[in-house]
Amino acid sequence: MSSVLHRTINRRAVLIGGSLAAAALLPRVARTAMDSSKELSLTGAPGRAPIVGGSYPATDVWCYGNSIPGPEVRVRQGQPVRIVVGNQLPEDTTVHWHGIRLPNAMDGVPGLTQRPIKPGRQFTYEFTPPDAGTFWYHPHADSLQQLGRGLAGALIVEEREAVPVDRDVVWMLSDWRLTSGAQIASGFGNAMEAAMSGRVGNTVTINGAISDQVPVRAGERLRLRLVNSALARIMALRFEGHRPVVVAIDGQPCEPHEPERGRLVLGPAMRIDVVLDMQGEPGRRYRVVDDYYPELSYWLTELAYDAKPPVRARPDAMISLPRNPVPEPDLAAAERHELKLQGGMMGGGAMTGMGGMMGMGHGASWGINGTSMTGDGHAGMPPLLTLQRGRSYVLTLRNETAWWHPMHLHGFSFRVLSRNGAPVPHRQWADTVLVPPKETADIAFVADSPGDWMVHCHVTDHQVSGMMTVLRVA
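Residues numbered from 1 in each chain as written. Predicted model: local features only at pLDDT ≥ 70, side-chain atom pairs only at ≥ 80, totals over all residues. Heavy atoms only, no water.

Draft legend 1. Up close: the confidence of the model for the chain. For the chain, per-residue confidence averages 90 on the pLDDT scale, and 88% of positions sit at 70 or higher. Counting contacts from residues 33-37, a segment whose pLDDT is below 50, to residues more than four positions away or on other chains yields 11 contacts. (pLDDT = per-residue confidence, 0-100. Contact = heavy atoms within 4.5 Å.)

Here is the structure:
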């Protein structure tokens, strides 16, 4: 592995070639606003991006709109969306609109909900997002390579009435495994990694570039939308000298609260919206640290305060976001099921939990309830459960493995009820829930949208090697 950069992310040892432009961390120039009369086009294609900067060469990537991340799409809640996706890649692709409650035919799973988009072809996605919030888009075909080479972008659904903040900023957090020449390292789909934590990289970027600093002004209030678009890296961000307040999780508003121990924990595919009041001293810098993996702790960027006096003397009252029209599950009448997460490598090198497992495809390392479905989606995938439309369901996600799993349910937002039997506070809704090893999480939702809906781990190696299934809403 000598060709790969240091695995321990020391802030000054990872491809830092000089000061990088902080402008990349402000609201993105590539933002695309839509109205009811405008059609948006996105094309996935090979490109080059200055991920490292300085004296290092640009990185060969796959991207939308010739940018990393892809264009930031902003629409209004309840506004129809029409997006024509073209494919200039050397292989099939699709786009999954992660977290959006939409018709099954628009969900972007190849074989299951649509035919894959062939090279040189295009597909038109049409839906009306019912919920305001922070969402994102990414492929659901050859997911490891396509997402790992850069195909991802933010999809922001704005509230009908503006939220009172000074700036609305998106941080697309990405994780790359780069060589010493700043190119993406080969080795996607390594079987040993797939059976453990997945492909964790050695370089973390904000909005497509390594970040030295983010310019801020004392007294201003930011709505900061954090999106973890990594293949496998879990992040736990601490804002030194600041007290971020969580106002939404996976696009769904929650009761405003400070995170436990001041750490914002994001598994792959998860999003957190925070209100960040800039109460630091003018002229000072404050680090944003990711210490999820203690032995690999590093600082992601620094909040660099302008020397000007504060915009306001003290913060305004904390805001609460308006709730979205997500149907409330009837817990008393809910039907209950258990999904056992199984497989993976254990300490002694033995695969566990896979006894009697039935497979779909080859290279299975993981499974759910004794069955593995490998790849990214297939025609004729048999459902694990058939649900009745309009009925409430409670699913217990039981992690029998030694590894963490961010479990994502397509097409729905669910209420996170409890962990290990203890109620979850702050009225949290999500579409991706992080389940620690040997623990359980109970989630509830109303099966209000018909179709075959994917459930899978969003550690992409885990998904493609078996931790994936289908729920059918009849």
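Draft legend 2. Structural detail: the sheet that holds strand 15 (residues 245-249). Taken in spatial order, the six strands line up as 11-10-13-18-15-16 in an open sheet, and their pairing is mixed. Each having just a single partner strand, strand 11 (203-206) and strand 16 (252-257) make up the two edges of the open sheet. Neighbouring strand axes in the sheet, compared pairwise and without regard to direction, differ in orientation by 25° on average. The pairing of strand 13 (residues 221-228) with strand 18 (residues 271-277) spans seven bridges and is classified as antiparallel. Its bridge partner lying in strand 18, Leu 224 is registered against Val 274. (Pairing = 2+ DSSP bridges. Helix = DSSP H or I, 4+ residues; strand = E, 2+ residues; numbered from the N terminus. Axes fitted to C-alpha atoms, helices over the stretch in contact; angles between N-to-C directions.)

Draft legend 3. Layout of unusual backbone geometry. Backbone torsion omega between Ile 68 and Pro 69 reads -10°, so that peptide bond is classified as cis. Backbone geometry places Asp 250, a non-glycine residue, at a positive phi of 50°. Looking at the element boundaries, Asp 250 is found in the loop between strand 15 and strand 16. You will see that Asn 369, though not glycine, has its phi angle at about 50°, which is positive.

Draft legend 4. Region of interest: the sheet that holds strand 5 (residues 81-87). Spatial strand order, 3-2-5-7: four strands in an open sheet with mixed pairing. Strands with a single pairing partner mark the edges of an open sheet, and in this sheet they are strand 3 (59-64) and strand 7 (122-127). Pairs of neighbouring strands in the sheet enclose a mean axial angle of 20°, with direction left out of account. Where strand 5 and strand 7 come together, six bridges link them in antiparallel fashion.

Draft legend 5. Up close: the environment of Arg 323. Within the secondary structure layout, Arg 323 lies in the loop between strand 20 (298-305) and strand 21 (335-343). With a relative accessible area of 60%, Arg 323 lands in the exposed category. Put simply, Arg 323 and Pro 253 are 70 residues apart on the chain and 5.9 Å apart in space, counted from C-alpha to C-alpha. Setting aside residues no more than four positions away along its own chain, Arg 323 makes contact with Pro 253 and Arg 427. (Buried < 20%, exposed > 50% of the residue type's maximum accessible area, 1.4 Å probe, protein only.)

Draft legend 6. Quick peek at the packing of aromatic side chains. Inspection of the entire model under this criterion finds 12 aromatic pairs. Ring geometry for Trp 97 and Tyr 137: centres 5.6 Å apart, planes at 45°, overall tilted. Of this pair, Trp 97 sits in strand 6 (residues 96-98) while Tyr 137 sits in strand 8 (residues 133-138), and the two are 40 residues apart along the sequence. No difference in accessibility class separates Trp 97 from Tyr 137, as the two residues are buried. With a centroid separation of 5.3 Å and 50° between ring planes, the pair formed by Phe 412 and Phe 445 is classed as tilted. Taken together, the residues Phe 412 in the loop between strand 27 (405-409) and strand 28 (414-419) and Phe 445 in strand 32 (residues 440-446) connect sequence positions 33 residues apart. By way of ring pairs, the aromatic residues Tyr 64, Trp 97, Phe 123, Tyr 125, Phe 127 and Tyr 137 are connected into one cluster. (Phe/Tyr/Trp six-rings, centres within 6.5 Å; stacked < 30°, edge-to-face > 60°.)

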